[in-house]
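Chain and residue survey
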Amino acid sequence: MSLNHPSPLIFIIATDAGARQAKATVLKEAGFSVQELAEGHNLMTEIHKSRPDLIIFDSTLVFSGKLCRQLKMTPETQNIMILQLSAPFNESLDQNGGFDLDADNYLVEPLAPVELITNIKVLLRLSKNERLLRDLTQWKQDFLASFSALTHDFRNILAPILNSIEALFKLNPAIPPNLDKARNTIKFHAKSLTKIADEFFRASVAARGDIPQGEKNLEPAADKTHLPPASVTKTTFLQTSHPINLSDNTAKMRAAVTANSPIHKRVLIVDDYADVADTLAQWLRLAGHSVQTAYTGAQAIESTVAFQPDVVLLDIGLPDSSGFDIAKKLRALPNLQKFLLVAVTGYGQASLRKSVLEAGFDEHFAKPMDFEKLGSIGLHV
């Protein structure tokens, strides 16, 4: 139904006032709301104002072709149904021309009232079904986009869990069999959940019919600009950050690992989910590396200048800037030693890996971190 009209609104546009009035009388008796317009009216203004459900054109109007095309090319009016009418002597020529102008149907006069009304009802029913299909398609797209965002957040939840499990293996490699079984069970099923998230994400991408080219386009719409500065404890929906206090035994173990390791790196971890950054940092410290964390793009730039890292693990979906933009700024910093720049994302598809490598990153890892891959960039574990 059109705005302010309980029944479908139909515009009749014709030069002959008698013909307009005759058709209007028939349609009003059939229960339609009708508005008659002549050639001199500002038709587009009237159409935008009243939003008719259907327009009846006299194909002899000199402007009908231009107006019909304009209506179908304008998003606000392209769903209005158009019925063109023609005199008998124009039947073959005008019928082809009417459809070429994107008219939805074409009838030759004279018409019996029942034929006109039946055609209008069919067109309106078709319009309703098309509108329902569009709404359903939009709902599907919105659902799949939300589902993709959920798989991204799911990975961010799993990442600190797996990071902490790996840290537990480092902290106490020799524990009673029953505790070791529990620890390995948690690790196995957390990794299984990661694989399930991957499958869900691939299915949603395939259903949408597109292949994302970068996490910037995939990042959930949730507003992360509320992230507090580094001096404030960070808490978001997916994180409840807890201070990580290493015991004396942990500190001694870390020192031992460092002493026995031939190579250790300076690593900067940049992630707005504090639990992800902090648990990964803890695990890398246990492996003997020197680690700092940053939670925004601005902090990443400051820390890179001050810390001079060998490796930067950079989350692409940051609250204050795209990881792609931060990568460019990091590469442009003067007087820095050469460092390895690794994109870390909540998505793992091959197309994203290709995009981040083309953007200047040296490597791409998906969350949760595959610790075996860290060795491929010189981070011994």
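Predicted model only: the values in this text are computed from it and were never measured. (Residues numbered from 1 in each chain as written. Predicted model: local features only at pLDDT ≥ 70, side-chain atom pairs only at ≥ 80, totals over all residues. Heavy atoms only, no water.)

**So, the overall build of the protein**
The following threshold applies: Helix and strand assignments come from DSSP, with helices taken as H or I runs of at least 4 residues and strands as E runs of at least 2, each series counted from the N terminus. Summary of the burial criterion: residues with accessible area below 20% of their type's maximum are buried, those above 50% are exposed, and those between are partly exposed, where the area comes from a 1.4 Å probe applied to protein chains only. Surface accessibility follows the Shrake-Rupley procedure with a 1.4 Å probe radius. Residue values consider only the protein chains on display as shielding.
In terms of helices and strands, the protein carries 13 helices and 12 strands. Within the span of the protein, comprising 381 residues, buried residues form 46% of the whole. When the accessible surface of the protein is split by element, carbon and sulfur atoms take 57% of a total near 19600 Å².

**Details of the nonpolar core**
Keep this limit in mind: By nonpolar core we mean a set of buried residues, namely Ala, Val, Leu, Ile, Met, Phe, Trp, Tyr and Cys, connected to one another through side-chain atoms within 4.5 Å. Any two residues having at least one pair of non-hydrogen atoms within 4.5 Å are treated as being in contact.
Counting 22 residues, the largest nonpolar core has Val 267, Ile 269, Leu 284, Leu 313, Met 369, Leu 374 and Ile 377 as its most contacted members. Secondary structure elements with two or more residues in this core: β8 (266–270), α9 (274–286), β10 (311–315), β11 (340–345) and α13 (371–374). For this core, the element with the most residues is α9, which contributes seven residues. Setting aside chain neighbours within four positions, we find Leu 313 in contact with Val 267, Leu 268, Ile 269, Val 270, Leu 280, Leu 284, Val 342, Val 344, Met 369 and Ile 377.

**Overview of empty space enclosed by the protein**
Let me state the cut-off plainly: Only protein atoms enter the calculation, which uses a 1 Å grid: trapped sets of points that fit a 1.4 Å probe without letting it out are cavities, open sets showing protein on both sides within 12 Å along at least five of seven lines are pockets, and any residue with an atom within 4 Å of a point is a lining residue. Grid points are joined across faces, edges and corners, and a volume is the space filled by probe spheres set on the points. Here the term charged refers only to Asp, Glu, Lys and Arg, the term nonpolar to Ala, Val, Leu, Ile, Met, Phe, Trp, Tyr, Cys and Pro, and the term polar to all other amino acids, Gly among them.
In this structure the tally under the stated criterion is one cavity of 30 Å³ or more. Here the largest cavity is characterised by a volume of approximately 90 Å³. Lining the largest cavity are 14 residues, and of these Asp 271, Val 276, Leu 280, Val 344 and Met 369 sit closest to its centre. Among the secondary structure elements, those contributing two or more residues to the lining of the largest cavity are α5 (113–171), β8, α9 and β10. Per element, the largest residue contribution to the lining of the largest cavity is three residues, and it comes from α9. Partitioned by chemical class, the residues of the lining of the largest cavity number 10 nonpolar, one polar and three charged.

**Overview of the sheet that holds β11**
To keep it simple, the criterion reads: Paired strands, as defined in this entry, are two strands with at least two bridges between them according to DSSP. Where helices are involved, their axes are fitted lines through C-alpha atoms of the stretch in contact, as for all axes, and angles between N-to-C directions lie from 0 to 180°.
Across the sheet, five strands lie side by side as β9-β8-β10-β11-β12; this open sheet has parallel pairing. Of all the strands in the sheet, just β9 (290–294) and β12 (363–366) have a single pairing partner and so form its edges. Along the sheet, successive strands turn relative to each other by an average axial angle of 20°, direction set aside. When β8 meets β9, the two strands line up parallel, connected through five bridges. Following the sheet pairing, Ile 269 is matched in β9 by Thr 293. Lying over the sheet, α9 contacts β8, β9 and β10, oriented at roughly 175° with respect to β9.

**Let's talk about a positive patch on the surface**
Worth spelling out the cut-off: In this analysis, a patch consists of residues with relative accessible area above 30% that form no salt bridge, clustered at 9 Å for like charges and at 5 Å for the nonpolar side chains Val, Leu, Ile, Met, Phe, Trp and Tyr. Salt bridge, as used here: a side-chain nitrogen of Lys or Arg that lies within 4 Å of a carboxyl oxygen of Asp or Glu. Neither His nor the chain termini are counted; the positive set is Lys and Arg, and the negative set is Asp and Glu. A charged residue contributes its charge at one atom only: NZ of Lys, CZ of Arg, CG of Asp or CD of Glu.
A cluster of basic side chains, namely Lys 121, Arg 125, Lys 128, Arg 131 and Arg 134, defines a positive patch on the protein surface. Relative to the helices and strands, Arg 134 resides in helix α5. For Arg 134, a relative accessible area of 33% corresponds to the partly exposed category.

**What about the pairing of β11?**
For β11, the buried fraction is high: five of the six residues fall into the buried class. The pairing of β10 with β11 spans five bridges and is parallel. The residue of β11 that forms the bridge with Asp 315 is Val 344. Here β11 pairs with β12 via four bridges, running parallel. If you follow Val 344 over to β12, its bridge partner there is Phe 365.

**Considerations on helix α1 (residues 17–29)**
Note the threshold: Here, expected helix span is obtained from the residue count minus one, scaled by 1.5 Å. This arc is built from the directions going out from the helix axis to the C-beta atoms. Within 3.5 Å is the distance limit for a polar contact, defined as a pair of N or O atoms, with the added protein rule that one can donate a hydrogen and the other accept it, and that residues adjacent in sequence qualify only through two side-chain atoms.
Over its 13 residues, α1 runs 18 Å from end to end, which matches the ideal 18 Å to within 8%, given 1.5 Å per residue. Those residues of α1 lying buried are Arg 20, Lys 23, Ala 24 and Leu 27. Relative to the axis of α1, the buried residues are bounded by an arc of 105° and lie together on one face. The opening residue of α1 is Asp 16, an N-cap whose side-chain oxygen sits 2.8 Å from the backbone nitrogen of Gly 18. Remark: Gly 31 follows α1 within two positions and exhibits a positive phi of approximately 100°.

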